[in-house]
Each structure stands twice: as C-alpha cells, then as structure tokens.
Amino acid sequence: MPSYSFTVNGRKVTVDAPADLPTLWALRDKLGVTGPKYGCGIDVCKACTSHLDGEAFNPCVTPVSEVEGREVTTIEGLADGDALHPVQEAWLEQDVAQCGYCQPGQIMAAVALLNRTSNPTDDEIDEIENVCRCGTYFRIREAIKSAAKRM
C-alpha cells in the first residue's frame, strides 16, 4: 500500500492508504483528527471543511494522494495554544453553536473568507455554502462580522 506524507496542524504525518482514500478518512480514522465531520461525503454539506495550504477544501472528496507534501489545517490547528482564533472567539460571543456538528466546518470556511477579504459583505458571507441544520445563519453572519473587526 502506498504512503503519503503531509503536514496536519503543523505536524508531519505519514499514512499508508490507497491513493483514492478520501483525506477525511485519513484524518479521522488513521490520524485521530476528529474535528472535521462527515456529513454527506459528496461536497454538499461541507461539515468537513478544513484548509489545504491555507485555502478552504473539503477532505471528504479530496483523495489523500492530492495532499502529499502539502499542509492541512483542521479546526484543531486553528487556535494558538490556549489562545482561540478571533473567529472562534466570535462564535462563542455570538452564541452561534446549537448542536455544534457543523461548527468546525463553518468556522474554517469563515476563516478562509476572512483571509481573502477583511470586511466581507452579507453577499460574500452568504456564499459560504456550509449547511447548518439548526439554522443559526444570522448568528454565523454576526460572528463573522465581529471577527472581521478583530482581525
């Protein structure tokens, strides 16, 4: 079985896996990184949203062979030690989470947006396609705006 080496949350890792194994399963099953959630497996719900070389990506549809030599960041790698990322802080302050299942993906998508634009419009925020079954979209928008002011 082939091996793939890449960085996850600042740590070099190597996994033995078939080339077409979704990165989500390499993260969760082989490396124990459980922040990215499995929702649909077809790039629709985006519960697994993480970053690949600083850009949002969905590991449920990205083969592990495509992350060879690259850097993957999940929700676990977002904080700096005990210091939360400004988006995580805003999420808490705006009381965004209800069930919490989609929140890691939502937060990672929000960080990617704020890395692209420091003052996103409502339309740009609405382009985040992560599904929240609890319907906290208004609070998500407010948290993103709050985080934008801090960053």
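Residues numbered from 1 in each chain as written. Predicted model: local features only at pLDDT ≥ 70, side-chain atom pairs only at ≥ 80, totals over all residues. Heavy atoms only, no water.

Trainee: Break down the overall build of the protein for me, with residues and values.
Mentor: In terms of regular secondary structure, the protein is built from five helices and five strands. Counting helices and strands in the order they occur from the N terminus, the protein gives β-β-α-β-β-β-α-α-α-α. Against the compact-globule benchmark of 15 Å for 151 residues, the protein has a radius of gyration of 15 Å, which places it among compact chains. Expressed as lengths along the three principal axes of its C-alpha atoms, the size of the protein is roughly 45 × 30 × 25 Å. Counting over 151 residues, the protein shows a buried share of 45%. A separation threshold of at least 6 residues defines the contact pool for the protein, and within that pool the share at least 24 residues apart is 56%. Summed over its atoms, the accessible surface of the protein is roughly 7600 Å², and 46% of this surface lies on carbon and sulfur atoms. The distance from the centre of the 14 positive side-chain charges to the centre of the 22 negative ones in the protein is 4 Å. (Helix = DSSP H or I, 4+ residues; strand = E, 2+ residues; numbered from the N terminus. Rg over C-alpha atoms; globule rule 2.2 N^0.38 Å. Buried < 20%, exposed > 50% of the residue type's maximum accessible area, 1.4 Å probe, protein only. Contact = heavy atoms within 4.5 Å. Areas by Shrake-Rupley, 256 points an atom, 1.4 Å probe, with all protein chains shown as cover. Lys, Arg positive; Asp, Glu negative; His and termini not counted. Charge placed at Lys NZ, Arg CZ, Asp CG, Glu CD.)

Trainee: Please set out the packing of aromatic side chains residue by residue, giving values where relevant.
Mentor: All chains considered together, the criterion is met by one aromatic pair. Plain terms: the ring middles of W25 and Y38 are 5.1 Å apart, the flat faces sit at 40° to each other, and that makes the pair tilted. Of the two residues, W25 is situated in helix α1 (residues 23-31) and Y38 in the loop between α1 and β3 (50-52); the sequence distance between them amounts to 13 residues. Assessed through its relative accessible area of 27%, W25 is described here as partly exposed. (Phe/Tyr/Trp six-rings, centres within 6.5 Å; stacked < 30°, edge-to-face > 60°.)

Bear in mind that shape data such as this cannot, by itself, settle questions of function.
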